[in-house]
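Understanding the architecture of this molecule
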Amino acid sequence: MALKLRLKPCERVVINGCVVQNENRRYTLTISNFAQIIRGSDILQEEDAVTPVRRAYFLIQSMLLDPEVAASGSGAVAAMMAQLYTAFARPDIQDRIARAMGHVGERDYYKALSALRPVMEYEGTLLAAAPAVSPSAAPSVSPPGPAASFQADGIGHHAGG
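Per chain, the residues get numbers from 1 upward, laid out in the order the sequence is written. Given that the model is predicted, a residue must reach a pLDDT of at least 70 before its local features are reported, and side-chain atom pairs must reach 80 or more before they are shown or counted; all residues, however, enter totals for whole chains, interfaces and linings. Calculation of side-chain values draws on the structure's entire complement of heavy atoms; hydrogens and water are dropped beforehand.

Let's talk about the pairing of strand E2 (residues 12-15)
Going by this rule: At least two DSSP bridges between two strands are required for those strands to pair. A run of H or I in DSSP counts as a helix once it spans at least four residues, and a run of E counts as a strand once it spans at least two, with each numbered from the N terminus.
Bridge analysis of E2 against strand E3 (residues 18-21) gives four bridges, and the strand direction is antiparallel. Each bridged residue has a counterpart across the sheet, and for Arg-12 the counterpart in E3 is Gln-21. Where E2 hands over to E3, the hairpin turn is made up of two residues, of which Asn-16 adopts a positive phi near 50°. The pairing of E2 with strand E5 (residues 37-39) spans three bridges and is classified as antiparallel. Following the sheet pairing, Ile-15 is matched in E5 by Ile-37.

Quick word on the nonpolar core
Soluble, globular proteins show a tendency: their nonpolar side chains are buried together. Just so we agree on the cut-off: Residues enter a nonpolar core if they are buried and are Ala, Val, Leu, Ile, Met, Phe, Trp, Tyr or Cys, with the set joined through side-chain atoms within 4.5 Å. Burial classes: relative accessible area under 20% of the type maximum marks a residue as buried, over 50% as exposed, and values in between as partly exposed (1.4 Å probe, protein chains only). Should any heavy atoms of two residues lie within 4.5 Å, those residues are considered in contact.
Of all hydrophobic cores here, the largest spans 34 residues; its most connected members are Ile-60, Met-63, Met-81, Phe-88 and Leu-116. For this core, the secondary structure elements donating two or more residues are helix H1 (52-65), helix H2 (67-72), helix H3 (74-87), helix H4 (91-105) and helix H5 (109-129). Counting residues per element, this core draws most heavily on H1, which supplies nine residues. Those residues in contact with Leu-116 that sit more than four places away from it in its chain are Val-53, Ala-56, Tyr-57, Ile-60, Met-81 and Ala-100. Val-13, Ile-15, Ile-31 and Ile-37 belong to the second-largest nonpolar core, a separate cluster that totals seven residues.

Considering unusual backbone geometry
Positioned with a positive phi, Asn-16 is a non-glycine residue whose angle comes to about 50°. Relative to the assigned elements, Asn-16 resides in the loop between E2 and E3. For Arg-107, which is not a glycine, the phi torsion comes out positive at approximately 65°. On the secondary structure map, Arg-107 appears in the loop between H4 and H5. Judged by relative accessible area, which is 44%, Arg-107 ranks as partly exposed.

Right, dumping it as structure tokens:
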């Protein structure tokens, strides 16, 4: 089944690592086969990956954007997701995490990111309600090795390349 992407004016999308930017009007692209796709608005900047869920999201995003990270990152993302699964007690959040991991196993990274977005929102509400914790006391879950990073405009720079 074909995927129809309706792009807003000047919207950017990454398709199999290629940045595509729309002109000043709406446009629809039809993708006829499987491709790794992410909208510019869904890209998380590396400096914003400051919580455990956001770090997992960033690693999966890096796997979507960079085949080398995808080849080496599955073990790290599995460990991160296992930690997240046990850290959250709500069954609906655990289900989202399990679905995200299933999508990673299928190499459908965009669906994994989609499954994690509500988990990021929930994590944000928990952190907003919690008393402040010093950065040195906060638990750390970091992806190993190089990961894709992006310029402030959201797309376009790949570290190490």
